[in-house]
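Structure at a glance
The lines below spell out each chain.
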Amino acid sequence: MKIVVGVSGASGAALGLKLVRALPTDVQKHLILSDHAQVVLDKEENLKIHQNNEIWASIASGSYGADAMIITPCSMNTLAKIACGIADNLITRAAAVMIKERRTLVLAPREIPFSPIALENMHKLSMLGVIIAPPVLAYYGEQNTLEDMENFMIGKWFDLLGIPNDLYKRWSDHDA
């Protein structure tokens, strides 16, 4: 499986990186960092790092065959560009390819409250098949620490990407 992860904006970038680190080792990972999300990463994670200006990168082509993409956190600027079809950097170009190829694209918008413009953009993208999944907690999973909460959100995103995981407590017949 090939997964593209875009990290836009500095706020919440650590959660995006945690998601990348939690991906199974057999997943081919491609990471796109915006200029504001540049961080030092361990090169031993089977991780191909793309600069956001590398519009020519393999993942900018539908023929490359990436299986899915998630942008977490997704800034309102990046969300708006994707909603309007603006593909002026590698994150937005790769997202446009996922939409064009009808492959899984998950956006995790990071700002609250959502403005009416942001909600309109999310609605438009949702109608195109894009999955809008902001980092929202559930309280049935017995999360007691920040790490538990992050694992819950990453586990839910993995579920959307079709990646098996046991990062959070799931609802079961025994919980009723």
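Further up the page is the structure itself.
Here we come to the overall build of the protein chain. Helix and strand counts for the protein chain come out as five helices and six strands. Along the chain direction, N to C, the helices and strands of the protein chain fall in the order β-α-β-β-β-α-α-β-α-β-α. Residues classed as buried in the protein chain amount to 46% of the 176 residues present. Of the roughly 9200 Å² of accessible surface on the protein chain, a fraction of 54% belongs to carbon and sulfur atoms.

With that settled, consider the environment of Ala 80. Inspection of the secondary structure assignment puts Ala 80 in helix H2 (residues 76-84). In this structure Ala 80 comes out as partly exposed when scored by relative accessible area, which is 25%. When the C-alpha positions of Ala 80 and Thr 92 are compared, they lie 9.8 Å apart, and in sequence the two are 12 residues distant.

Right, let's talk about the environment of Asn 121 for a bit. Examined against the element boundaries, Asn 121 turns out to sit in helix H4 (residues 116-127). Accessibility expressed as a relative area gives 12% for Asn 121, which makes it buried. In sequence terms Asn 121 and Lys 81 are 40 residues apart; their C-alpha atoms lie 9.3 Å from each other. Residue contacts for Asn 121: discarding those within four places in its chain leaves Leu 79, Ala 80 and Ala 83.

Here we take up H2. Of all the positions in H2, only Met 76, Thr 78, Leu 79, Lys 81, Ile 82 and Ala 83 are classed as buried. Looking at the buried positions of H2, the neighbouring elements they touch are strand S4 (68-74), helix H3 (90-100), strand S5 (104-109) and H4. Downstream of H2 by one or two residues, Gly 85 has phi in the positive range, about 75°.

If you walk through the whole model with that rule in mind, you get seven salt bridges. A salt bridge links Asp 88 to Lys 81; the shortest N-O distance between them is 2.9 Å. By relative accessible area, Asp 88 is classed as partly exposed at 48%. In this structure, Lys 100 engages Glu 101 in a salt bridge whose closest nitrogen and oxygen atoms are separated by 2.5 Å. Residue Glu 101 is classed as partly exposed on the basis of its relative accessible area, which comes to 29%.

About the thresholds
- Residues numbered from 1 in each chain as written.
- Predicted model: local features only at pLDDT ≥ 70, side-chain atom pairs only at ≥ 80, totals over all residues.
- Heavy atoms only, no water.
- Helix = DSSP H or I, 4+ residues; strand = E, 2+ residues; numbered from the N terminus.
- Buried < 20%, exposed > 50% of the residue type's maximum accessible area, 1.4 Å probe, protein only.
- Areas by Shrake-Rupley, 256 points an atom, 1.4 Å probe, with all protein chains shown as cover.
- Contact = heavy atoms within 4.5 Å.
- Salt bridge = Lys/Arg side-chain N within 4 Å of Asp/Glu carboxyl O.

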